[in-house]
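Fold and contact review
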Amino acid sequence: MIFNIIKKEVRELLTRSTIISLVFVSFMLGYIGNFVSKAEEGVSKKSANIIVEDKDSTDLSHLFSSLLLKFSDKDFANNSFNERVEKLKKDGGAIVTLEKGFQDSILKEGKGEVKIEWVLKGTGLYDFISSDVIKNGLNYTKNELIKYLLLRKGIKNENILEPLKIKNENVEVKGKVFKSVDPKLLYSFLGKQTNFVPVIIMMLIIMSGGMIISSMGMEKENKTLETLLTMPVERRDIVLGKIIGGGLVGIIMASIYMIGFYNYMKGFTGNISSSFDIKVFSILDYTLVGVSIFLSLLSGLSLCLLLGIFAKNYRSAQTLTMPVSILAIIPFFLTMFKDFNSLSLPFKIVVFLIPFSHPMMAMKLIFFEQYRMLFYGIGYNLLFFVILSIIIVKIFNTDYIITGKGFEKLFKRRFF
Amino acid sequence: MVVVKVENLQKNFGKVKALRGISFECFEGEIFGLIGPNGAGKSTCLRILSTILSKSEGEVKIFDYDVSEKMKIKRIISYLPEDAGAYKNLKGIDYLKFFVNFFTDVQDKDKTLEYGIELSSLGERLNDKIETYSKGMVRRLLIARSLMINPKLAILDEPTSGLDVINATQIRDIIKNKAKEGTTFIVSSHNMLEVDYLCDRISLINNGLIVESGDIRGLKEKYRAQNIEEIFVKVVGVKNDF
Ligand SMILES: Nc1ncnc2c1ncn2[C@@H]1O[C@H](COP(=O)(O)OP(=O)(O)O)[C@@H](O)[C@H]1O
Ligand SMILES: [Mg+2]
């Protein structure tokens with residue numbers, strides 16, 4: 001019987017057009033991620049179009065050209081001067097001019113002038129790659145020139161520019177110690193591991209919550225709820241069927257989205273974990289996160305179903321999804337920028353009471369072995385779901401489910 | 001045999017007295033009409049009969065079950081809400097399947113579904129989404145849904161309202177045919193002229209009270225009236241509480 005309701009919910013909510021639009025968004029996200037990661041690879045690998053006009057023609061200017069031109073594109077360099085200028089104007093690059101007196105200025109005043117004429121192909125992400133390559137080249141050239149000048153003064157030391165040898169022995173966070181890592185790296189690694197879950201929760205809640213509220217709105221608008229209530233099925237089963245059905249659809253939609261988002265994230269953080277490889281989370285930990293997500297989803301869905309009861313029709317149902325979305329966004333941002341522990345007490349209470357916070361914090365809590373807080377969250381979500389379900393079934397068993405005036409009137413009566 | 005027995009039924013919505021104590025009976029195989037203007041209390045009464053609203057006072061029995069025995073009643077009745085729609089994103093055929101599946105005690109689900117398809121007379125269109133149906137088609141689908149399970153009692157709230165003559169006639173014919181097979185109907189209507197054709201016996205309801213009951217021919221004779229509209233005006237008089 002419940003299965004019949006679940007099947008109907010899924011059929012009704014998971015229409016072809018919603019899937020298509022979601023797959024499209026997911027695909028776009030993945031595409032952007034891919035694009036970004038290619039762009040980043042580009043900076044580290046590619047050479048650029050560089051022309052050096054050496055009007056000084058001295059030892060130092062020759063040295064400068066040969067160092068900088070290491071970064072020039074090989075094929076590009078094989079062209080004649082005119083061809084090179086033409087190609088550069090078309091594809092982007094830089095013309096670097098060393099005026100007469102370059103060497104003299106360096107030796108006398110300590111500074112030689114380098115004029116650069118930049119040509120950008122466009123303003124897109126890819127179009128800035130070559131300018132980054134050239135900047136790298138200029139930096140390299142500068143460092144080599146310094147070494148050369150020091151050498152002329154008799155200072156012969158390869159490491160003169162890096163006199164310090166920095167060893168990251170360990171990083172300690174809240175009593176937990178990590179060996180030989182950079183704090184920034186630790187942050188990126190954690191971010192990658194912990195930001196993924198909150199985004200998914202947020203999407204999951206907003207999507208399945210919206211689904212279940214709209215479903216209630218549609219049922220009321222079309223009076224199908226009245227028909228459903230005269231079927232030989234317990235009202236409790238209708239409630240559970242709706243929650244599970246909405247949850248399933250939400251999970252399916254969130255998974256499609258997740259694939260896209262995963263590819264998107266990979267584009268930004270793809271090369272971090274390889275240099276910092278520690279196994280932090282065990283299977284049990286992941287299971288706990290899963291339980292936390294699941295219970296939070298159930299809490300969210302029951303909250304949405306409760307709100308859906310107040311919906312008069314599809315339209316008013318749409319406006320009711322707003323508060324739930326806000327509830328999902330608040331802990332998302334709070335937990336992204338701050339640790340639960342570093343929040344002030346009122347914020348702590350707010351975050352704890354919002355049922356979506358707990359899975360969002362779960363990864364970090366496990367990371368810092370604050371299991372007690374994790375279990376409190378799981379317990380809270382379970383309680384939240386059970387209590388709300390009981391309330392919903394109670395309301396379903398009263399006249400209100402049929403006569404309910406819609407939430408607008410409910411508020412009017414109270415406050416005006 | 002008495003199928004529905006309503007005695008002194010009252011229903012209050014807060015201060016609004018929707019039903020002020022109505023009594024009537026329906027017998028097996030008849031089409032009983034609850035006739036009255038908008039706001040008279042018809043829907044409220046039918047919702048109580050179909051167990052989705054609770055009563056405030058009085059007694060309601062359906063086949064000897066009290067309305068509080070919801071599950072037992074729900075197995076033998078069908079209810080069609082006023083102005084009902086259907087799940088727009090479903091195909092007509094899936095809509096019928098969904099409702100067949102609730103009746104686990106139905107012997108042959110395929111046969112029931114087959115019968116529903118026949119009743120709807122929608123043919124191939126059952127494979128299209130309901131959002132593409134016209135109003136008349138949706139209503140036929142809903143009627144098919146409520147009758148395919150062969151309910152002992154069918155409660156239809158204004159089954160023909162808002163339909164054109166052709167569609168309305170079609171629906172009335174389906175109801176009449178089904179009644180001949182022994183299904184008892186309670187039908188509400190504010191269209192007093194169609195009732196002549198459809199119902200065997202009626203109760204006229206106004207302002208939460210039943211003002212007159214009887215078989216149509218007897219009522220016409222009693223009030224020397226051509227149609228039910230005339231009867232209603234004569235019974236209620238010119239003064240109206242509205
Ligand atoms: N949910 C409700 N809350 C308050 N009053 C209601 C509600 N439903 C119906 N009523 C009132 O009860 C009376 C009867 O309504 P209803 O049964 O819908 O009449 P009908 O179906 O005959 O048009 C009307 O006065 C209506 O305003
Ligand atoms: Mg009505």
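The rules we used
- Within every chain, residues take consecutive numbers counted from 1 along the sequence as written.
- Both sets of labels track the order of writing: A upward for chains, 1 upward for ligands.
- Given that this is a predicted model, residues contribute local features only at a pLDDT of at least 70 and side-chain atom pairs are listed and counted only at 80 or more, while totals for whole chains, interfaces and linings are drawn from all residues.
- With hydrogens and water stripped out, all remaining heavy atoms of the structure feed into the side-chain values.
- Sites may look incomplete because water is not among the atoms; the donors themselves are N, O and S atoms within 2.8 Å of the metal, or within 3.2 Å for Na, K and Ca.
- Put simply, DSSP H or I for four residues or longer makes a helix, DSSP E for two residues or longer makes a strand, and each gets a number counted from the N terminus.
- Any residue with relative accessible area above 30% and no salt bridge may belong to a patch, with like charges joined within 9 Å and the nonpolar Val, Leu, Ile, Met, Phe, Trp and Tyr side chains within 5 Å.
- Residue burial considers only the protein chains on display, and all accessible areas are found by Shrake-Rupley using a 1.4 Å probe.
- Salt bridge, as used here: a side-chain nitrogen of Lys or Arg that lies within 4 Å of a carboxyl oxygen of Asp or Glu.
- Per-residue accessibility, obtained with a 1.4 Å probe over protein chains only, is compared with the maximum for each type, and a residue is labelled buried under 20%, exposed over 50%, and partly exposed between these values.
- Only heavy atoms enter the contact rule, under which two residues are in contact if any of them lie within 4.5 Å.
- As used here, buried area is the combined drop in accessible area, with a 1.4 Å probe, of two parts when they are placed together.
- We call two N or O atoms a polar contact when they sit within 3.5 Å, provided that within protein one can donate a hydrogen and the other can accept it, with sequence-adjacent residues counted only if both atoms are side-chain atoms.
- Polarity classes work like this: nonpolar for Ala, Val, Leu, Ile, Met, Phe, Trp, Tyr, Cys and Pro, charged for Asp, Glu, Lys and Arg, and polar for all others, with Gly in that last group.
- UniProt positions are given in the numbering used here, feature names are shortened, and annotations may be inferred rather than shown by experiment.
- Note on terminology: disulfide denotes any pair of cysteine sulfur atoms within 2.5 Å.
- The span you would expect from a helix comes to 1.5 Å times its residue count less one.
- Only four residue types enter the charge count: Lys and Arg as positive, Asp and Glu as negative, with His and the chain ends excluded.
- Every charge is mapped onto a representative atom, which is NZ of Lys, CZ of Arg, CG of Asp or CD of Glu.
- Angular values range over 0 to 180 degrees, each being the angle between N-to-C directions of two axes fitted as lines to C-alpha atoms, with helices fitted over their stretch in contact.
- Relative orientations are named as follows: roughly parallel for angles under 35 degrees, roughly antiparallel for angles over 145 degrees, roughly perpendicular for angles from 65 to 115 degrees, and oblique for any other angle.
- Crossings are classed by handedness, with left-handed meaning an anticlockwise turn of the near helix from the far one by less than a right angle and right-handed meaning a clockwise turn.
- Note: two strands are recorded as paired if DSSP finds a minimum of 2 bridges between them.
- By convention a nonpolar core is built from buried Ala, Val, Leu, Ile, Met, Phe, Trp, Tyr and Cys residues, the set being connected through side-chain atoms within 4.5 Å.

**Concerning the coordination of the magnesium ion (ligand 2)**
- Bound to the magnesium ion (ligand 2) on the protein side are B:Ser43 (OG) and B:Glu82 (OE), at distances that span 2.0 to 2.2 Å. With a gap of 39 residues between them, B:Ser43 in helix α1 (residues 42–49) and B:Glu82 in the loop between β6 (77–80) and α3 (92–100) connect regions that are remote in the sequence.

**What about a nonpolar patch on the surface?**
Residue and element names in this part refer to chain A.
- Together, Phe24, Val25, Phe27, Met28, Tyr31 and Ile32 make up an exposed nonpolar region whose accessible area comes to about 610 Å².
- The residue Val25 is located in helix α2 (residues 16–45) in this model.
- In this structure Val25 comes out as partly exposed when scored by relative accessible area, which is 38%.

**Topic: the environment of A:Ile378**
All names here are of chain A.
- As for its placement among the helices and strands, Ile378 is situated in helix α15 (residues 371–396).
- Residue Ile378 is classed as buried on the basis of its relative accessible area of 12%.
- With residues near it in sequence (within four places) discarded, Ile378 still touches Leu288, Val291, Ser292 and Leu295.

**Details of the interface of chain A and chain B**
- Counting from both sides, the interface comprises 26 residues of chain A and, opposite them, 32 residues of chain B.
- Here chain A packs against chain B, burying approximately 2900 Å² in sum over the two surfaces, 59% of which is carbon and sulfur.
- Area buried by chain A at its contact with chain B is led by A:Thr230, A:Pro232 and A:Asp399, which between them contribute 20% of it.
- Inspection of the chain A/chain B interface yields four salt bridges.
- With a shortest N-O distance of 3.8 Å, A:Glu221 and B:Lys88 are connected by a salt bridge.
- The interface formed by chain A and chain B holds 14 residue pairs in polar contact (both at pLDDT 80 or more) in total.
- At the level of elements, α1 (2–13), α8 (183–221), α9 (224–229) and α16 (400–403) of chain A are the ones that each hand at least two residues to the side of chain A that touches chain B.
- The greatest single-element share of the side of chain A that touches chain B, amounting to six residues, is contributed by α1(A).
- Of the residues contributing to the side of chain A that touches chain B, the split by class is eight nonpolar, seven polar and eleven charged.

**Re the UniProt feature "transmembrane region" (unreviewed entry) in chain A**
All names here are of chain A.
- Per the UniProt annotation, the sites labelled "transmembrane region" (unreviewed entry) are residues 18–36, 196–218, 238–262, 283–311, 317–337, 349–368 and 374–396.
- Here residues 18–36 is 100% helix and 0% strand, with 27 Å between the C-alpha atoms at its ends.
- In this annotation, residues 238–262 is assigned 100% helix and 0% strand; the end-to-end C-alpha distance for the span is 35 Å.

**Considerations on the environment of A:Gly112**
Residues and elements named next belong to chain A.
- Position of Gly112 relative to the elements: it lies in the loop between α6 (102–109) and β3 (114–119).
- Residue Gly112 is classed as partly exposed on the basis of its relative accessible area of 29%.
- Sequence-distant contacts of Gly112, defined by excluding residues within four places in its chain, comprise Phe102, Ser105 and Ile106.

**Details of the state of the cysteines**
- In the structure shown here, the tally under the stated rule is zero disulfides over all chains.
- Counting only cysteine sulfurs, B:Cys26 is the nearest neighbor of B:Cys45, a cysteine outside any disulfide, at a range of 8.7 Å.

**Side note on helix α11 (residues 283–309) of chain A**
- Over its 27 residues, α11(A) extends 39 Å from the first C-alpha to the last, a length consistent with the 39 Å expected when each residue adds 1.5 Å.
- Most of α11(A) is tucked away: 19 of the 27 residues are buried.

**So, a negative patch on the surface**
All names here are of chain B.
- On the surface, a cluster of negative charge is contributed by Asp108, Asp110, Glu114 and Glu118.
- As for its placement among the helices and strands, Asp108 is situated in the loop between α3 and α4 (109–120).
- Taking relative accessible area as the criterion, Asp108 reaches 37% and is therefore assigned partly exposed.

**So, the packing of α3(B) against helix α5 (residues 135–147) of chain B**
Residues and elements named next belong to chain B.
- The contact between α3 and α5 brings their axes to 10 Å, and the two run at 25°. As far as their axial angle goes, α5 and α3 are roughly parallel. The interaxial crossing formed by α3 with α5 has right-handed handedness. Residue-level contacts link Gly92, Tyr95, Leu96 and Phe99 of α3 to Leu141, Leu142 and Arg145 of α5.
- When grouped by side-chain class, the residues that make up the contact of α3 with α5 number five nonpolar, one polar and one charged.

**Describing the sheet that holds strand β2 (residues 93–98) of chain A**
All names here are of chain A.
- Strand order in the open sheet formed by three strands is β1-β2-β3, and the pairing between neighbours is mixed. In the strand order of this sheet, the two ends are held by β1 (50–54) and β3, each with one partner. If you compare each strand with its neighbour and ignore which way they point, the axes differ by 15° on average.
- Pairing of β1 with β2 involves five bridges; the strand directions are parallel. Across the sheet, the residue bridging to Asp54 is Leu98, located in β2.
- In the packing of helix α3 (residues 59–68) onto the sheet, the strands contacted are β1, β2 and β3, and the crossing angle to β1 comes to about 175°.
- Against the sheet, helix α7 (residues 129–152) makes contact with β1, β2 and β3, and its axis sits at roughly 165° relative to β3, the strand it touches most.

**Structural notes on the nonpolar core**
- Counting residues in hydrophobic clusters, the biggest one holds 162 residues, and the most contacted among them are A:Phe396, B:Val4, B:Phe24 and B:Leu49.
- Of all the elements, α8(A) adds the most residues to this core, at 15 residues.
- Here A:Phe396 is in contact with A:Met216, A:Leu225, A:Leu229, A:Arg235, A:Ile238, A:Val239, A:Ile309 and A:Ile401, once residues within four sequence places are set aside.
- One finds A:Val52, A:Phe64, A:Ala94 and A:Phe102 within the second-largest nonpolar core, a separate group that totals 16 residues.

**Some remarks on the sheet that holds strand β9 (residues 201–206) of chain B**
Residue and element names in this part refer to chain B.
- Strand order in the open sheet formed by six strands is β6-β7-β8-β3-β9-β10, and the pairing between neighbours is mixed. Each edge of the sheet is formed by a strand with only one pairing partner; in this case those strands are β6 and β10 (209–215). This sheet shows a mean twist of 15° between the axes of neighbouring strands, independent of strand direction.
- The sheet contact formed by β9 and β10 spans six bridges and is antiparallel. Directly across from Ile205, in β10, lies its bridge partner Ile210.

**Considering helix α14 (residues 357–367) of chain A**
All names here are of chain A.
- Within α14, eleven of the eleven residues are buried, leaving the element largely enclosed by the surrounding structure.
- By the burial criterion, the buried members of α14 are Ser357, His358, Pro359, Met360, Met361, Ala362, Met363, Lys364, Leu365, Ile366 and Phe367.
- Count one or two residues on from α14 and you reach Glu369, which has phi positive near 55°.

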